[in-house]
Amino acid sequence: MLSERRLEVLRAIVQDYVGTEEPVGSKALTERHRLGVSPATVRNDMAVLEEEGYIAQPHTSAGRIPTDKGYRLFVDKLAGVKPLSTPERRAIQNFLDGAVDLDDVVGRTVRLLAQLTRQVAVVQYPSLTRSTVRHVELLSLAPARLMLVLITDTGRVEQRLVDTQTPFGETSLADLRARLNSRVVGRRFTDVPQLVQDLPESFEIDDRATVKAVLATLLETLAEEAEERLMIGGTANLTRFGHDFPLTIRPVLEALEEHVVLLKLLGEAGESGMAVRIGHENAYEGLNSTSVVSVGYGSGGEAVAKLGVVGPTRMDYPGTMGAVRAVARYVGQILAES
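As the structure is a computational prediction, the values presented were derived from the model and not from experiment.

Peer 1: What exactly am I supposed to notice about a nonpolar patch on the surface here?
Peer 2: A cluster of nonpolar residues, Leu 139, Leu 141 and Leu 161, forms a patch on the protein surface that exposes about 260 Å² of accessible area. Within the element layout of this structure, Leu 161 appears in strand S6 (residues 157-163). Take Leu 161: its relative accessible area is 45%, and that puts it in the partly exposed class.

Peer 1: Explanation requested: the domain arrangement of the protein chain in the structure shown.
Peer 2: In many reports, interface size means the accessible area that the parts give up when they come together. One can read the domain layout of the protein chain as domain 1 (4-67), domain 2 (86-126 + 228-337) and domain 3 (129-225). Placing a centre on the C-alpha atoms of domain 1 and another on those of domain 2 gives a separation of 30 Å.

Peer 1: Explain the packing of helix H4 (residues 68-78) against helix H12 (residues 317-337) here, please?
Peer 2: When two helices pack together, their arrangement is given by the angle between the helix axes and by the axis-to-axis distance. Axis separation between H4 and H12 bottoms out at 11 Å; the angle between their running directions is 55°. On the basis of the axis angle, H4 is oblique to H12. Helix-helix and strand crossings are classified by hand; for H4 and H12 the assignment is right-handed. On H12, the residues touching Tyr 71, Phe 74 and Val 75 of H4 are Tyr 317, Pro 318 and Met 321. Considering only residue class, the contact of H4 with H12 consists of 6 nonpolar, no polar and no charged.

Peer 1: Would you explain helix H7 (residues 170-184) in this entry?
Peer 2: At 3.6 residues per turn, the α-helix brings residues three or four places apart onto the same side. End to end, H7 covers 21 Å across 15 residues, agreeing with the expected 21 Å (1.5 Å per residue, within 8%). What H7 keeps buried is the set Leu 173, Leu 176, Leu 180, Asn 181 and Val 184. The arc that holds the buried residues of H7, viewed along the axis, is 120°, so those residues lie on one side. Opposite the buried face of H7, at more than 90 degrees from it, the exposed residues are Thr 171 and Ser 182. A positive phi of about 80° marks Gly 186, the residue just after H7.

Here is what the cut-offs are and how they apply
Counting restarts for each chain, with residues numbered from 1 along the sequence as it is written. Thresholds applied to this predicted model are a pLDDT of at least 70 for local features of residues and 80 or more for the giving and counting of side-chain atom pairs; totals over whole chains, interfaces and linings are not thresholded and use all residues. With hydrogens and water excluded, all non-hydrogen atoms of the structure serve as input to the side-chain values. Patch membership needs two things, relative accessible area over 30% and no salt bridge, and members are linked within 9 Å if like-charged or within 5 Å if nonpolar (Val, Leu, Ile, Met, Phe, Trp, Tyr). Throughout, the Shrake-Rupley method with a 1.4 Å probe supplies accessible areas, and for residues the shown protein chains are the sole cover considered. Within this document, salt bridges are pairs made up of a side-chain nitrogen of Lys or Arg and a carboxyl oxygen of Asp or Glu, the two lying within 4 Å of each other. Every helix listed is a DSSP run of H or I at least four residues long, and every strand listed is a run of E at least two residues long, numbered separately from the N terminus. Only protein chains enter the accessibility calculation, which uses a 1.4 Å probe; a residue whose area is less than 20% of its type maximum is buried, one above 50% is exposed, and one in between is partly exposed. Boundaries of every domain are those given by an automatic assignment or by a domain database. Structural elements are reduced to axes, namely lines fitted to C-alpha atoms, with helices fitted over the stretch in contact, and the angle between N-to-C directions of any two is expressed from 0 to 180 degrees. Every angle not falling under 35 degrees, over 145, or within 65 to 115 is termed oblique; those three ranges are roughly parallel, roughly antiparallel and roughly perpendicular. Less than a right angle of anticlockwise turn of the near helix away from the far helix marks a crossing as left-handed, whereas a clockwise turn marks it as right-handed. The contact definition used throughout considers only heavy atoms, calling two residues in contact when any of these lie within 4.5 Å. For this classification, Asp, Glu, Lys and Arg are treated as charged, while Ala, Val, Leu, Ile, Met, Phe, Trp, Tyr, Cys and Pro are nonpolar and the rest, including Gly, are polar. Expected helix span is given by 1.5 Å per residue-to-residue step, counting one fewer step than there are residues. Here the arc refers to the directions that run from the helix axis out to each C-beta atom.

Right under this line is the structure:
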């Protein structure tokens, strides 16, 4: 275990390196921070921190920089989550309140996160596997053609056409709509197939083919939409950090194109708790020089998807964590109200 003083020295090194981009020396530390000890004592503390792998000496510089292990200790023990200011919170709310549908919510969230953190923002669409049905609407377009409209608790709307073998009257349609909604409203999508399994048998023989066609379309829609989707933005922000990536930025850009990789990274965030993956903690090699800060978002206290940012390990962790958490909270409120 490190002493309190050495923890303070580590905190100061991380803060200075993140702020200045320059390796940190003992003289600069004693001048900038009230550590209450001499430069010689700070040098000794830095030697211990280096020996234990929390800081390292890049090339021939006299200064030191944090390692992945040093950043991890900083995040776990030393960094609080920096709350956003009142004007920042108001700006977030105003920007997100203007969204007209789910695609707009996700698009605005990506732009907002990228602007607030100046990192790459990644937002996962609410997963239908974790969503519930708000309503199923059935509309008659022609004697043998219907439209099925599926509305989820997260505001997602899916429309599908259903062609039927025989005409289906308005009375039968209203009956099917009522019976279908009585079974599936408020239920998880993953439960729907079992809930509607015996529904056709409760209708007259002449209507069963149409009921089966409607249910087949509904279940197909669920299967199609179960595929996880995400939106990414702010990739250009990485060009500001060229020197933070040891050899080249290309592996990072290639990793960001792999949506499967990003979904897996986001998946490491708990249901609503925040996850911070630093450097080599990221299993994907192309992201070994980055940190990923992610959190779940959703309505009613249950996460239906994840969002987060990707940036260099030399990151303002308290500020980034604060922004990610605040944006997730506002998006959750919008989904709850939609």
